[in-house]
Amino acid sequence: MTYFADLSSRQVAALADGDRTPVLLLPLGAIEPHGPHAPLSTDPLISRGMCERAADRLAADEDVHVLVLPEVPYGVTRFAAGFAGGVHIGEETLHSLLVDIGAALIGQRLRRILLVNNHFEPAHLITLRRAVETLNFAYDGRVALLDLVRRRHAQRLTEEFRSGECHAGRYETSLVLADRPELVDQPLMRTLPHVPVSLASAPEDGGFREMGMSAAYCGQPAEATAEEGLETFSTLTDLLVEAIRELARE
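Residues numbered from 1 in each chain as written. Predicted model: local features only at pLDDT ≥ 70, side-chain atom pairs only at ≥ 80, totals over all residues. Heavy atoms only, no water.

The subject of this paragraph is the pairing of strand 3 (residues 112-117). Most of strand 3 sits inside the fold, with six of its six residues counted as buried. Both faces of strand 3 are covered, namely the face carrying R112, L114 and V116 and the face carrying I113, L115 and N117. Alignment of strand 1 (residues 21-28) against strand 3, held across five bridges, turns out to be parallel. Bridge assignment links L24 to a residue of strand 3, and that residue is I113. The pairing of strand 3 with strand 4 (residues 142-146) spans five bridges and is classified as parallel. Paired with I113 across the bridge in strand 4 is V143. For the crossover from strand 3 across helix 4 (residues 122-138) to strand 4, the handedness is right-handed. (Buried < 20%, exposed > 50% of the residue type's maximum accessible area, 1.4 Å probe, protein only. Helix = DSSP H or I, 4+ residues; strand = E, 2+ residues; numbered from the N terminus. Pairing = 2+ DSSP bridges. Right-handed = clockwise from strand over helix to strand, strands pointing away.)

Here is the structure:
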């Protein structure tokens with residue numbers, strides 16, 4: 001089984017005493033505008049796709065038992081203010097939610113939890129890192145975050161991702177095309193001009209509009225392909241499997 005919530009209570013009770021080390025994956029993201037062409041659910045969709053692929057790759061592994069938790073699709077998304085569809089939750093709300101989820105699992109001796117995130121707003125990332133620290137130090141967890149913006153991870157991803165021009169651009173749109181092509185308005189996508197704005201230079205008190213992202217995207221979505229998305233998913237899954245094995249050894 002891939003999904004934690006598909007297990008029975010009895011099956012969950014047996015996880016901690018099984019022959020394989022259980023590692024639970026928690027997909028994260030934000031519901032927010034991704035240009036005029038891609039779905040609001042782009043971020044959690046990518047996180048879930050990574051988790052499903054990693055669980056499938058490790059399904060027969062003798063040492064690790066990987067399960068995917070129900071995703072947390074809401075995040076800190078002030079950058080999306082002024083565009084229809086953004087659902088922002090505050091830092092303390094997100095922190096409390098993640099700590100409560102983690103503490104409930106740790107209390108059942110399911111201590112290894114890996115946060116898998118694809119929403120890169122700085123305040124959101126800071127909150128995730130803080131939640132990991134709280135769970136590890138206050139609850140004695142073995143909780144980690146696969147932080148894709150870290151240099152050692154980012155250097156293995158696409159040129160557009162490394163440039164920071166990756167909100168609903170070629171990078172993210174390709175990933176959605178690989179998993180849910182029906183959610184992308186492809187005729188519109190092919191007409192969208194390049195928007196050379198890097199999220200790395202985002203102002204602390206601004207948002208998409210202030211950055212010059214008048215249509216809530218940057219980069220080059222017109223160049224997105226499902227083929228690139230599948231290749232990128234393969235790399236993301238490599239990174240996730242490596243993080244799972246590292247966490248299982250702790």
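On to the layout of surface pockets, then. Reported here for the largest pocket is a volume of approximately 450 Å³. Lining of the largest pocket is provided by 20 residues; of these, F120, V149, G164, L199 and A200 occupy positions nearest its centre. Looking at the lining of the largest pocket, the elements that each hand over two or more residues are helix 4 and helix 6 (159-163). Class assignment of the residues belonging to the lining of the largest pocket gives a composition of 11 nonpolar, four polar and five charged. Empty space within the second largest pocket amounts to approximately 290 Å³. Along the wall of the second largest pocket there are 15 residues; nearest its centre are L145, R152, H153, A243 and E246. Taken together, the elements giving at least two residues each to the lining of the second largest pocket come down to strand 4, helix 5 (151-154) and helix 10 (226-249). Among the elements that make up the lining of the second largest pocket, the one with the highest residue count is helix 10 (five residues). (1 Å grid on protein atoms, 1.4 Å probe; cavity = no way out; pocket = protein on both sides within 12 Å on 5 of 7 lines; lining within 4 Å. Points joined across faces, edges and corners; volume = space filled by probe spheres on them. Nonpolar A, V, L, I, M, F, W, Y, C, P; charged D, E, K, R; others polar.)

For soluble globular proteins, nonpolar side chains are generally found buried alongside one another. Counting 33 residues, the largest nonpolar core has L25, M50, L114, F161, L236, L240 and I244 as the members making the most contacts within it. Put simply, the parts of the chain that give this core at least two residues each are strand 1, helix 2 (42-57), strand 2 (64-68), strand 3, helix 7 (170-179) and helix 10. Beyond its immediate sequence surroundings of up to four residues, L240 is in contact with L25, M50, C51, A54, L114, V116 and L146. Judged by nonpolar contacts, the second largest core, of 26 residues, contains L67, I89, I113 and V143. (Core = buried A, V, L, I, M, F, W, Y, C linked by side-chain atoms within 4.5 Å. Contact = heavy atoms within 4.5 Å.)

Before going further, it helps to spend a moment on the pattern of salt bridges. All chains considered together, the criterion is met by 15 salt bridges. When the shortest N-O distance is used, the salt bridge between R142 and D140 registers 3.3 Å. Looking at R142, the relative accessible area reads 26%, which means it is partly exposed. Linking E228 and R170 is a salt bridge whose minimum nitrogen-to-oxygen distance equals 2.5 Å. Of this pair, E228 sits in helix 10 while R170 sits in helix 7, and the two are 58 residues apart along the sequence. (Salt bridge = Lys/Arg side-chain N within 4 Å of Asp/Glu carboxyl O.)

For the rest of this paragraph, the subject is helix 7. Within helix 7, eight of the 10 residues are buried, which leaves the element mostly enclosed by the surrounding structure. What helix 7 keeps buried is the set Y171, E172, T173, S174, L175, V176, L177 and A178. Along its buried surface, helix 7 packs onto helix 2, helix 6, helix 8 (186-189) and helix 10.

Let us look at empty space enclosed by the protein. It is the rolling of a water-molecule-sized probe over the atoms that shows where space remains empty. Summed over the entire model, instances satisfying the criterion amount to one cavity of 30 Å³ or more. Taken as a whole, the largest cavity holds about 40 Å³ of empty space. Lining the largest cavity we find L26, L98, I101, G102, L105, I113, L115 and L135. Among the elements of the structure, helix 3 (91-106) and strand 3 are those that each provide at least two residues to the lining of the largest cavity. With four residues, the single largest contributor to the lining of the largest cavity is helix 3.

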